[in-house]
Amino acid sequence: MAFIKINRDNFFYNLNKFSEKLGSKDKIAIVLKDNAYGHGLEIMAELSYNFGLTQAVVRDINEARIIDRYFKNILILGDRAVVNSKYSFALNSLDDIRKAQRGSIVELKVDTGMHRNGISLDELDIALKLIEDRGLTLKGVMSHNRSADELSSELFWQNKIFNQVKERVKSLGFKNIRFHSYNSASALRLNCKNQDLIRLGIGAYGYNELPEIYNKIELKPVLSLWANRVSTRRLKKAQRVGYGGEYTAPRDMVVSTYNLGYGDGWLRSNSFKVYIEKNLPILGRVSMDYISLEATEDEILIFNSVSRIAKEMNTISYEILTQLSSSIERIVI
Ligand SMILES: *Cc1c(COP(=O)(O)O)cnc(C)c1O
């Protein structure tokens with residue numbers, strides 16, 4: 001099978017960049033949802049711990065259980081709130097508040113303009129009252145920005161609305177609440193010194209999806225994908241390769257099969273379009289477990305950075321990374 005190398009130095013380099021911006025490691029909540037963006041949940045949790053992070057964010061309680069020994073607090077974005085002294089649960093609606101177990105620790109998500117999740121502004125007072133009545137402990141109030149990685153000023157009006165939310169929550173007498181709305185792109189763009197916490201995902205893994213004019217902080221990709229050679233053959237001009245014989249050899253050539261396929265999360269729609277790291281085109285279709293390349297190396301680097309592939313595929317780095325199968329072996333270097 002293909003394998004993945006996780007570059008520890010690059011991960012720490014990226015984390016250092018963000019902790020410099022924040023002035024503290026404790027204010028970084030590393031987002032480890034979806035198998036840590038394909039990097040490997042437990043590996044990235046342990047590296048985060050080694051770096052000195054204390055906060056994490058995951059999607060559900062199963063992910064939290066796997067990594068909870070590494071962190072002081074884990075924010076769970078999409079699961080029912082239950083009592084656990086280490087976990088806090090994002091509440092996305094009034095219904096979430098009603099379903100939460102009495103005594104659980106919660107963080108209220110407020111919709112400041114993304115219109116995906118969170119309670120609306122006119123529900124804020126009702127939600128806060130309900131949280132008290134239901135005997136929940138309010139640890140945080142959060143929001144999410146819809147256009148932080150785009151060339152627009154939307155981020156600023158969302159921030160403005162979130163500031164009004166802060167004032168309202170405080171004026172109702174809630175104390176020791178942490179307020180957070182920044183993801184990687186917001187943190188890269190804005191001053192972070194006044195933030196209680198940032199929820200850091202893609203930036204920690206080395207990608208900066210901001211338009212060029214914002215790019216002041218260089219980050220280093222953490223994951224590289226490799227494949228092993230399975231077999232090699234000599235093709236005569238006009239012989240064809242793989243399912244459907246879609247690739248025709250334009251001349252005599254040496255072709256090897258490598259053990260990476262769509263079963264590993266390397267999408268079949270990557271056929272033809274995508275060149276791997278050394279500018280080698282994939283020959284013909286991607287199969288479940290294999291691709292064919294004009295190469296003979298025993299180990300071949302598929303990518304060091306997924307940016308170019310994502311661009312060619314008309315998607316974002318997140319999608320290519322999270323597709324990578326959790327059963328691919330991951331080695332920390
Ligand atoms: C995934 C996620 C993040 C992290 O976003 P990045 O762009 O990867 O930094 C932050 N907050 C919430 C609510 C998320 O779902």
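For clarity, every value in this text was computed on a predicted model and none was experimentally measured.

Caption draft 1: The packing of aromatic side chains, seen in detail. Per the stated rule, a full pass over the model turns up 10 aromatic pairs. Through successive ring pairs, a cluster of aromatic residues spans F11, F12, Y37, F51, Y205 and Y318. The ring of W226 is capped by K5, whose NZ or CZ atom sits 3.9 Å from the centre of that ring.

Caption draft 2: Up close: the environment of M44. Examined against the element boundaries, M44 turns out to sit in helix α3 (residues 41-51). Spatially, the C-alpha atoms of M44 and N84 are 23 Å apart, while their sequence positions differ by 40 residues. Discounting chain neighbours no more than four positions away, the residues touching M44 are I6, F11, L32, A36, H39, Y205 and V222.

Caption draft 3: Spatial organisation of the pattern of salt bridges. Overall, the coordinates contain 12 salt bridges when judged by the stated rule. A salt bridge links D95 to R98; the shortest N-O distance between them is 3.7 Å. Note that D95 and R98 are positioned in helix α5 (residues 94-99) at a spacing of three residues, about one turn of the helix. The exposure class assigned to D95 is partly exposed, which follows from its relative accessible area of 38%. Notably, a salt bridge pairs E297 with K278, separated by 2.1 Å at the nearest N-O pair. Of this pair, E297 sits in the loop between β16 (291-293) and β17 (299-303) while K278 sits in the loop between β14 (275-276) and β15 (280-281), and the two are 19 residues apart along the sequence. For E297, a relative accessible area of 28% corresponds to the partly exposed category. Among the ionic contacts, a cluster of salt bridges with common partners joins D95, R98 and K99.

Quick notes on the rules
- Residues numbered from 1 in each chain as written.
- Predicted model: local features only at pLDDT ≥ 70, side-chain atom pairs only at ≥ 80, totals over all residues.
- Heavy atoms only, no water.
- Phe/Tyr/Trp six-rings, centres within 6.5 Å; stacked < 30°, edge-to-face > 60°.
- Lys NZ or Arg CZ within 6 Å of the ring centre and 35° of its normal.
- Helix = DSSP H or I, 4+ residues; strand = E, 2+ residues; numbered from the N terminus.
- Contact = heavy atoms within 4.5 Å.
- Salt bridge = Lys/Arg side-chain N within 4 Å of Asp/Glu carboxyl O.
- Buried < 20%, exposed > 50% of the residue type's maximum accessible area, 1.4 Å probe, protein only.

Note that all results are geometric; they support no functional claim without further evidence.
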